[in-house]
Amino acid sequence: MKLRLAWLYPRHMNVYGDRGNILVLRERCAARGIELEVDEVGPGDRLDPARYDLFFLGGAQDREQRLVARDLAAHKGPALREAAEEGAVVLAVCGGYQLLGRFYRSAEGEELTGLGLFDAWTVHPGPGARRFIGNVAVEWQGGILVGFENHGGRTHLGPGARPLGRVLAGYGNNGQDGSEGAVYKNAFGTYLHGPLLPKNPHFADHLIALALARRYGEVALPPLDDSLAWAAHRRALRLARRRPILERWAHVLGGPRIWPRKR
Amino acid sequence: MDAAVLAAKGASLLVRRLGLGGGTALPGLLALRLDPQVVPRLAACLGRGAVLVTGTNGKTTTARLLAGMARAAGLRPVANSAGSNMVRGIAAALCQAAGPYGRLREGDRSLGVFEVDEATLPEAAGLVAPRAVVFLNLFRDQLDRYGEVDHVASVWRTAVSRLGPDSTLVLNADDPAVASLAAGAPGAVVTYGLAPGPHSLPSLEHAADARWCPSCAGELAYDAVHYAHLGLWRCPECGLSRPTPQVDASLDGGRLLLRLADGSQRALPLPLEGTYAAYDVLAAVAAALALGLPWSAVEEGLSRFSGAFGRQERLQVQGRQVQVVLAKNPAGLNQVLRTLCGHPGPLRLALFLNDGLADGRDVSWIWDVDFEMLAGRVEWAVASGTRAEDLALRLHYARLGAELTVEPRPVSALRLALGRTPPGQTLHVLPTYTALLQVREVLARWAGRRRFWEETAP
């Protein structure tokens, strides 16, 4: 069996170890005898919606995010939307997640138009606003997802989107309503990096299973030895739950000296 | 009597006597609390002015090299090489060098050599009015603390625009983000760079950051890559390119061959391994020449150089060679791993990943490191630190073909790794910043060495 993944804007959106997600998908497929072919698709390249089973977008700096937003609107947006409507698996992290919402308004009030795949929008409250930084844990389908978040933008979900999960520790979409991420069909948006998939093998397998089911019908994935992954998962979960104490002392211990301006 | 200086000296003595550490942050904070103007006041007494060294990687080594060259030239360097690279560390170093009446001893021969945290640079430059500022490189590092690489670059541009006309910029021509600072320089600019050679890489590493033109944001092309995004860069769109370095060097095995601005050629033996360390030597030489130090002082300073704390530091522990190399971001760790790949024989590794505030609490950066280059070269690896499991998981996915052990407790991990290393063989210890402090302390004790703040005077 074979799956194809389009890694969108890998040279522009790769700030938080994002390639770890690709590496984990490839290795977990290979361990089950499935070949995962990865194409890197950059600005200006054509995107064939029917060719791919999975699409991935990572996080980016502001400058790159602007460039990507323009390219997405002009070139790849319609193809990505078509694929998602057909049930292709999409994983978008942090900046990528924001770009798949309706719009992203930066700290300076500049508005980037998003793809609108998720009924969601993101607003940065301004240059002085507190950034949401830290370990995060989310309840997802009765299990838990762990990761690290680092974003200034607050994302709000409209009635057309449902959250990926419920925040157990950390901030999530906006630090208020307890929601984290967004789901539409088989498209997932999330603020969790770390990267997301290595420490959440159940979620990685969920994505692989969805992609396989669409192309080959239901396929049972044989279990792998994930003892290391779960050990890292448990460690991250403990650290996420311990956060309030750290937070209280952060400024005394010489916490963030300069605050990044956006996202 | 000078209350701030006395308080800092007293606090420093107390902290060390109580065995609480090197004692550079607290005395500095105390002095700043008693006299917020202590830094500009004492810095004004530096007869030879002050040099600031900043950048993501190589600050400590470069500052230490430069201080050694200054000493060889008969100057008296005042340096914060033993500790904090925030303003508090500069304050502590100045207070330590001052007498009880708030005067620097031998002030007319004194030269400040301060390494400065990237984000602290604007504040430090405003306080000490530097004679020269050395910019080494800019890589992604602690994104949760510093923010985006672009943000640090813009902070630097602002700091440069506020420098006086008598401040010289010493810039790495091979780093586009650093070289482009020349455009806003109010004073003189000295650039340094490396020529392509066998050490050059075929293409940009995954972790390369400044791949966009600093002027037009187009994608840069490289005629040669030295490491990360350092190399012979040019912008095909607007034509901006790497400036021709005034201090131009090439790597020849363990030597640095220099072509100076006056056309003369010189060779220097390199005291440290790796392309990244060659850059540190090159930066220190360029800064020394910009300060007008004689060539004999450059050579002598270099020959007397002993590695900085935890930077390729070698210790003899229980009959084993232990080499400790700080590695705290993708560009730095890639360089360390590449250097290790050049060693013959199978490697034995003890890696330490902490997520303290000084390390960056986000450990996702390890996935940007090319551990894959070690495949088949590692006999075994011990993963330790507060995020030992994350590190082990990354190594697992790198398919090294090595035996992996997870031991989060650093002392147990060291004991385990030492026990597994045959006598006479080498153990490589690669810690992040806070792990370095823990690991170095223990190793030094086992090696019967003094504590680091007692031996870091350059």
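Residues numbered from 1 in each chain as written. Chains lettered and ligands numbered in written order. Predicted model: local features only at pLDDT ≥ 70, side-chain atom pairs only at ≥ 80, totals over all residues.

*Asks:* What is the right way to look at the overall build of chain A in this model?
*Replies:* Broken down by element type, chain A carries six helices and 14 strands. Over its C-alpha trace chain A gives a radius of gyration of 18 Å, about what one expects of a compact globule, namely 18 Å for 263 residues. Seen through its C-alpha atoms, chain A measures out along the principal axes to roughly 55 × 45 × 35 Å. The buried share of chain A, taken over its 263 residues, is 54%. By sequence separation, contacts in chain A at least 24 residues apart represent 72% of the contacts at least 6 residues apart. (Helix = DSSP H or I, 4+ residues; strand = E, 2+ residues; numbered from the N terminus. Rg over C-alpha atoms; globule rule 2.2 N^0.38 Å. Buried ≥ 20, exposed ≤ 12 C-beta atoms within 10 Å, placed from the backbone. Contact = placed C-beta atoms within 7 Å.)

*Asks:* Would you mind showing me how to read the overall build of chain B here?
*Replies:* In terms of helices and strands, chain B carries 16 helices and 17 strands. The C-alpha radius of gyration of chain B comes to 21 Å, within 12% of the 23 Å expected for a compact globule of 458 residues. When its C-alpha atoms are laid out on the principal axes, chain B stretches across 60 × 60 × 40 Å. Buried positions account for 59% of the 458 residues belonging to chain B. Partitioning the intrachain contacts of chain B with sequence separation of at least 6 by distance along the chain shows that 71% fall at a separation of at least 24.

*Asks:* Please clarify how the pairing of strand β3 (residues 54-57) of chain A should be interpreted in this entry.
*Replies:* Where a strand is regular, its side chains alternate between the two sheet faces. All names here are of chain A. The two faces of β3 match: L54 and F56 on one face and F55 and L57 on the other face are all buried. Taken together, the four bridges between strand β1 (residues 2-8) and β3 define a ladder with parallel strand orientation. Across the sheet, L5 pairs through a bridge with L54, a residue of β3. By the bridge criterion, four bridges tie β3 to strand β4 (residues 89-93) in an arrangement that is parallel. Among the inter-strand pairings, L54 is bridged to a residue of β4, identified as V89. (Pairing = 2+ DSSP bridges.)

*Asks:* Explain the environment of A:A73 to me, please; I cannot follow it from the model alone.
*Replies:* Residues and elements named next belong to chain A. Note on placement: A73 falls in helix α2 (residues 62-85). On the basis of neighbour counts, which here come to 15 C-beta atoms within 10 Å, the residue A73 falls in the partly exposed class. The sequence separation of A73 and L99 amounts to 26 residues, and the corresponding C-alpha distance is 9.8 Å.

*Asks:* What am I meant to see in unusual backbone geometry here?
*Replies:* A cis amide bond, omega -15°, links A:G194 with the succeeding residue A:P195. Of note in this structure, A:C94 is not a glycine but carries a positive phi near 55°. At B:R399, a position not held by glycine, the phi torsion is positive, near 50°. By the secondary structure assignment, B:R399 is in the loop between α13 (388-397) and β16 (403-406).

*Asks:* Mind showing me how you'd approach the domain arrangement of chain B here?
*Replies:* Accessible area lost when the parts come together is the quantity often used to give the size of an interface. Residue and element names in this part refer to chain B. According to the domain assignment, chain B consists of domain 1 (3-303) and domain 2 (311-455). Distance from the C-alpha centre of domain 1 to the C-alpha centre of domain 2: 26 Å. Taken together, the 26 residues of domain 1 in the interface contact 17 residues of domain 2. A per-class count over the side of domain 1 that touches domain 2 returns nine nonpolar, ten polar and seven charged. (Domains from an automatic or database assignment. Nonpolar A, V, L, I, M, F, W, Y, C, P; charged D, E, K, R; others polar.)

*Asks:* Any chance you could explain the sheet that holds strand β9 (residues 247-252) of chain B here in plain terms?
*Replies:* Strand pairs in the sheet, formed through backbone hydrogen bonds, run parallel or antiparallel to each other. All names here are of chain B. Read from one edge to the other, the open sheet built from nine strands follows the order β2-β3-β1-β4-β5-β6-β9-β10-β11, with strand pairing classed as mixed. Each edge of the open sheet is held by one strand with a lone partner, namely β2 (76-79) and β11 (265-269). Adjacent strand axes in the sheet meet at a mean angle of 20° when their direction is disregarded. The strands touched by helix α4 (residues 59-72) within the sheet are β1 (50-54), β2, β3 (110-115) and β4 (132-135), with β3 carrying the most contacts at an inclination of about 170°. (Axes fitted to C-alpha atoms, helices over the stretch in contact; angles between N-to-C directions.)

*Asks:* Explanation requested: the sheet that holds strand β17 (residues 426-431) of chain B in the structure shown.
*Replies:* Residue and element names in this part refer to chain B. The mixed open sheet is built from six strands, whose spatial order is β12-β13-β17-β14-β15-β16. Each edge of the sheet is formed by a strand with only one pairing partner; in this case those strands are β12 (311-317) and β16. The mean inter-strand angle of the sheet, taken between neighbouring strand axes irrespective of direction, is 20°. As paired strands, strand β14 (residues 347-352) and strand β15 (residues 378-384) are joined by six bridges and run parallel to one another. The partner of A350 across the bridge, within β15, is V382. In the packing of helix α15 (residues 433-447) onto the sheet, the strands contacted are β12, β13 (320-325), β14 and β17, and the crossing angle to β12 comes to about 30°.

*Asks:* I'm lost on the nonpolar core in this one. Help?
*Replies:* Here is a general trend for soluble globular proteins: nonpolar side chains tend to be buried in one another's company. In terms of nonpolar packing, the biggest core is built from 131 residues, with A:L54, A:F55 and B:A350 touching the most fellow members. For this core, the leading source of residues is α2(A), giving seven residues. Beyond its immediate sequence surroundings of up to four residues, B:A350 is in contact with B:V382, B:S384, B:A413, B:L414, B:A417, B:L427 and B:V429. B:M69, B:L111, B:A119 and B:A228 belong to the second-largest nonpolar core, a separate cluster that totals 113 residues. (Core = buried A, V, L, I, M, F, W, Y, C linked by C-beta atoms within 7 Å.)

*Asks:* Would you take a moment to explain the environment of B:S200 for this structure?
*Replies:* Relative to the assigned elements, B:S200 resides in the loop between β6 (189-194) and β7 (221-227). For B:S200, a count of 18 C-beta atoms within 10 Å translates into the label partly exposed.

*Asks:* Sorry if this is basic, but what is going on with the packing of helix α5 (residues 227-241) of chain A against α13(B) here?
*Replies:* Two numbers describe how α5(A) lies on α13(B): the axes approach to 8 Å, and their chain directions differ by 150°. Taken as axis vectors, α5(A) and α13(B) run roughly antiparallel relative to one another. Two packed elements cross with a definite hand, and for α5(A) against α13(B) that hand is left-handed. Along the contact surface, α5(A) presents A:L228, A:A229, A:A231, A:A232 and A:R235, while α13(B) presents B:E389, B:D390, B:A392, B:L393 and B:H396. Of the residues that constitute the contact of α5(A) with α13(B), the class distribution is six nonpolar, one polar and three charged. (Parallel < 35°, antiparallel > 145°, perpendicular 65-115°, else oblique. Left-handed = near helix turned anticlockwise from the far one by under 90°.)

*Asks:* I would appreciate a short explanation of the confidence of the model for chain B in the present structure.
*Replies:* Predicted coordinates in regions of low pLDDT should not be interpreted in detail. In the predicted model, chain B carries a mean pLDDT of 91, and the fraction of residues at 70 or more is 96%. Under the prediction, the complex receives an ipTM of 0.92, its pTM being 0.89. (pLDDT = per-residue confidence, 0-100.)

*Asks:* Can you walk me through helix α5 (residues 87-97) of chain B in this structure?
*Replies:* Within an α-helix, residues lying three or four positions from one another point in the same direction, as the helix has 3.6 residues per turn. Residue and element names in this part refer to chain B. For α5, the buried fraction is high: eleven of the eleven residues fall into the buried class. Of all the positions in α5, only V87, R88, G89, I90, A91, A92, A93, L94, C95, Q96 and A97 are classed as buried. Packing partners of the buried residues in α5 comprise α1 (3-17), α2 (25-34), α3 (38-43), β2, β3 and α6 (121-128).

*Asks:* I keep staring at helix α11 (residues 295-303) of chain B and nothing clicks. Help me out?
*Replies:* Residue and element names in this part refer to chain B. Buried residues of α11: V298, G301 and L302, and no others. End-on, the buried residues of α11 take up no more than an arc of 95°, which puts them together on one face. Opposite the buried face of α11, by more than 90 degrees, sit the exposed residues S296 and S303. (Arc of directions from axis to C-beta.)

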